[in-house]
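A structural walkthrough
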Amino acid sequence: TSCSFIRDSLSHPRIVLKRNSGAIVDDYREAYWWLRDHTPVDARVMAWWDYGYQIAGLANRTTIADGNTWNQEHIALLGLCL
C-alpha cells in the first residue's frame, strides 16, 4: 500500500539516489565529504536540523542542531538565522 511505501521511504533516508533515467545523484554525500575534507575538525556546522545527524555521521562535524534538538526556541532561532 502507499502508506507502507511512505513509511519505508521515511524510515530509510537515502543520500545517494538513482533516477529513472539510471543517473546516480550523490550530491549529499559529496557535500558531506567536502565538509569533512575542507573544514577544521572542531568546526561547528549550522544547517537545518534535518541534516544534523547526516552531517555528524558522514562529515564527522558537530552541528548546531539535529533531530534530537527538543528546544523549540533553539530551533526557531536557527530558522531565523538560516
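The sections below set out a description of the structure shown in this document. (Residues numbered from 1 in each chain as written. Predicted model: local features only at pLDDT ≥ 70, side-chain atom pairs only at ≥ 80, totals over all residues. Heavy atoms only, no water.)

1. Looking at the side chain of Arg61
Convention followed: By the criteria applied, helices consist of DSSP H or I runs no shorter than four residues and strands consist of E runs no shorter than two, each listed in order from the N terminus. The classification of residues rests on relative accessible area computed with a 1.4 Å probe and restricted to protein chains. Under 20% of the type maximum is buried, over 50% is exposed, and intermediate values are partly exposed. When charges are tallied, Lys and Arg are placed among the positive residues and Asp and Glu among the negative ones, while His and the ends of the chain are skipped. Salt-bridge detection follows one rule: a side-chain nitrogen of Lys or Arg within 4 Å of a carboxyl oxygen of Asp or Glu. Two N or O atoms count as a polar contact when they lie within 3.5 Å, although within protein this holds only if one can serve as hydrogen donor and the other as acceptor, and sequence-adjacent residues are included solely when both atoms are side-chain atoms.
When you line up the elements, Arg61 lands in the loop between helix 3 (52-59) and strand 4 (62-63). The charged side chain of Arg61 is buried without a salt bridge, its nearest counter-charge being Asp37 at 6.6 Å. Only 2.8 Å separates the side chain of Arg61 from the side chain of Thr39, close enough to count as a polar contact. Here the side chain of Arg61 touches Pro40 through a polar contact of 3.1 Å, landing on its backbone oxygen.

2. Here's the deal with helix 2 (residues 27-38)
What counts is decided by this rule: Helix span, expected: 1.5 Å multiplied by one less than the number of residues in the helix. To be clear, the arc concerns the directions from the helix axis to the C-beta atoms. By definition in these notes, contact holds between two residues if any of their heavy atoms fall within 4.5 Å.
Helix length check: helix 2 (12 residues) gives 16 Å between terminal C-alpha atoms against 16 Å at 1.5 Å per residue, within 8%. Looking only at helix 2, the buried set comprises Arg29, Tyr32 and Leu35. Buried positions in helix 2, seen along its axis, are confined to an arc of 125° and lie on one side of it. Those residues of helix 2 that are exposed and angled more than 90 degrees off the buried face are Asp27 and His38. Turning to helix 2, the residues buried within the fold contact strand 3 (44-45) and helix 3.

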